[in-house]
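For reference, the chains in residue letters:
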Amino acid sequence: MSVAINGTDGITYNDGSLQPSAPVGKNLIINGDMMIDQRNAAASATSNTSVYMVDRFEFQMSSVTNVQTYQQVTDAPAGFNKSLKITNNSTTQSTAAGVLCTPRQKIEGFNTAHLNWGTANAQTVTVSFWVKASVTGTYPVALTNDDFTRSFVTNYTVSVANTWEKKTVTITGDTSGTWTIDNSTGINVMFSLDTGSTYQTTADSWQAGNYRGTSSDVHFLANASATWQITGVQLEANTTATPFENLMYSQQLALCQRYYYIPAQGVNSEINVGWYYNSTWLSSAIDMPVPMRVKPTLTDTTGSSYYTMYRNNTADALDSLTLENSNNNHTCVSIYNNSDVSGTGGQAGILRTTNALAKLELDSEL
Amino acid sequence: MLKKYHRPIGIDGKLLNIVYYEENNKRVSIPFDPANTDYQAYLEWVADGNTPEEADEA
């Protein structure tokens, strides 16, 4: 891709279009540089079932017995500061037919609608990323639709062990199938580390069905303590890869908070004003910084006196909070407790977390 | 471990449009939003013939 910069008029691209500035929002992957890690704050975590790692990146696992370690780390190629690192257990696992071991990001349909997939006007996309792996060989990149009835699998090769390499794959847009263009999943972008035969197919063409890899790909689970790292992930409507789109931290955090947000955690973190509806019903509300994708699920870590309501010169300890209601534009939820507290109807105060383990999470992930 | 869903009663004495379950010292409250993936999982649980317990305390 070439551009001509005209200080008066803007930037002329090689397709002849004139734009006032570099395109914003070309990268359909959110948090492709792995900078945002709301859930774990760069701490190491483990699982052998599906789990979210850094923001927007899910580790889908099915029939995986080997516990996997995942972490946001500071090892990254030039131009980046963070990467996502996955480490296989020190034991090995053979790959049964139904195994899925797949880091992936589900892109919301609103953000893929312009690709016109499922129509004759389907646009080509290019996926670029940096990868570093301890096991050399071929690994798959796969795109599927929401209901996994359309799949495209292509391979990239890790040539040198434990060395950052930039990879690029270009995929012709799918003119068939149903590709959702609403707030459900538009495109699944998947970087499988191990794939059972059920999910293996022929590379480099669109297939009807749910496929993630090929028979020639590396079996990550069979390599004790194997590592795989990724960063700089970009998916753009283009026939070639352009430089990674760097966003301001605050912009990217806001994009992530559409799907996941921590209103309060730890000791003495304000939740919001609280009030007694009656002597045993305490209510409060949480405002979200951005509209979330859907009405979110509330998860609160529970324990003795994890939360406290301060009102009328009194501290009322409570163990848990429960979702009460949500507004229809997904910017506010109300919460309550009616099991631990005893107060005076009409009195208000401040509701806080009061334990290091206390945590409220709002989740509207795909 | 199978989830055990509860559907609580609100301040007006009517069932709230949420369900919750508890596991590993966490309470997970799920709104009735068809596009919420946790709610979709709950609907599958109901479709399997299960019924949430009513809970008047949260």
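Procedures and definitions
- Residues numbered from 1 in each chain as written.
- Chains lettered and ligands numbered in written order.
- Predicted model: local features only at pLDDT ≥ 70, side-chain atom pairs only at ≥ 80, totals over all residues.
- Heavy atoms only, no water.
- pLDDT = per-residue confidence, 0-100.
- Helix = DSSP H or I, 4+ residues; strand = E, 2+ residues; numbered from the N terminus.
- Buried < 20%, exposed > 50% of the residue type's maximum accessible area, 1.4 Å probe, protein only.
- Pairing = 2+ DSSP bridges.
- Salt bridge = Lys/Arg side-chain N within 4 Å of Asp/Glu carboxyl O.
- 1 Å grid on protein atoms, 1.4 Å probe; cavity = no way out; pocket = protein on both sides within 12 Å on 5 of 7 lines; lining within 4 Å.
- Points joined across faces, edges and corners; volume = space filled by probe spheres on them.
- Nonpolar A, V, L, I, M, F, W, Y, C, P; charged D, E, K, R; others polar.
- Core = buried A, V, L, I, M, F, W, Y, C linked by side-chain atoms within 4.5 Å.
- Contact = heavy atoms within 4.5 Å.

## Some points on the confidence of the model for chain B
Residues and elements named next belong to chain B.
Right, so step 1: In the predicted model, chain B carries a mean pLDDT of 92, and the fraction of residues at 70 or more is 93%.
Right, so step 2: Considering each helix and strand of chain B separately, the mean pLDDT is smallest for strand S4 (residues 53-55), with a value of 83, and largest for strand S3 (residues 26-31), with 98.
Right, so step 3: Per the prediction output, this complex has pTM 0.94; the corresponding ipTM is 0.95.

## Quick word on the pairing of strand S21 (residues 307-311) of chain A
Residue and element names in this part refer to chain A.
Right, so step 1: Burial analysis of S21 places four of its five residues in the buried class, the great majority of the element.
Right, so step 2: Here S21 runs beside strand S22 (residues 314-318); their pairing, made up of five bridges, is antiparallel. Counted as the bridge partner of Arg311 is Thr314 from S22.
Right, so step 3: From the end of S21 to the start of S22, which pair antiparallel, there are two residues, and Asn312 there has a positive phi angle of about 50°.

## Details of the pattern of salt bridges
All names here are of chain A.
Right, so step 1: For the structure on display, the rule yields 12 salt bridges over all chains.
Right, so step 2: Here Arg104 ties to Glu58 by a salt bridge, and the two come within 2.8 Å at their closest N and O atoms. Note that Arg104 is positioned in strand S9 (residues 100-108) and Glu58 in strand S6 (residues 58-62), a separation of 46 residues in sequence.
Right, so step 3: For Arg104, a relative accessible area of 5% puts it in the buried group.
Right, so step 4: Between Arg258 and Glu108 there is a salt bridge, with its nearest N and O atoms 2.7 Å apart. Here Arg258 is found in the loop between helix H1 (249-257) and strand S18 (260-278), whereas its partner Glu108 is found in strand S9, with 150 residues between them in sequence.

## Thoughts on empty space enclosed by the protein
If you roll a probe as big as a water molecule over the atoms, it shows you where there is empty space left.
Residue and element names in this part refer to chain A.
Right, so step 1: Going through the model one piece at a time under the given rule, you end up with one cavity of 30 Å³ or more.
Right, so step 2: Roughly 40 Å³ of internal volume is contained in the largest cavity.
Right, so step 3: Every residue lining the largest cavity is listed: Pro140, Ser192, Leu193, Asp194, Thr195, Gln200, Thr214, Asp217, Val218 and His219.
Right, so step 4: Residues of the lining of the largest cavity, tallied by class, amount to three nonpolar, five polar and two charged.

## A closer look at the pairing of strand S17 (residues 227-236) of chain A
Each regular strand carries side chains that alternate between the two faces of the sheet.
Residue and element names in this part refer to chain A.
Right, so step 1: Where burial is concerned, most of S17 is hidden: 10 out of the 10 residues are buried.
Right, so step 2: Bridge count between strand S10 (residues 125-133) and S17: seven bridges; the pairing is antiparallel. Residue Ser128 lies in a different strand from S17, and its bridge partner there is Gln234.

## Focus on the nonpolar core
Residues and elements named next belong to chain A.
Right, so step 1: Judged by nonpolar contacts, the single largest core of 48 residues is most densely connected at Trp117, Phe129, Tyr139, Leu143, Phe191, Trp228 and Leu235.
Right, so step 2: Broken down by element, the residue count for this core peaks at five residues, all from S10.
Right, so step 3: The residues touching Trp228, leaving out its near neighbours within four places in the chain, are Leu84, Lys85, Ile86, Pro103, Val131, Lys132, Ala133, Tyr139, Tyr156, Phe191, Leu193 and Phe220.
Right, so step 4: Judged by nonpolar contacts, the second largest core, of 28 residues, contains Met292, Leu298, Val333 and Leu360.

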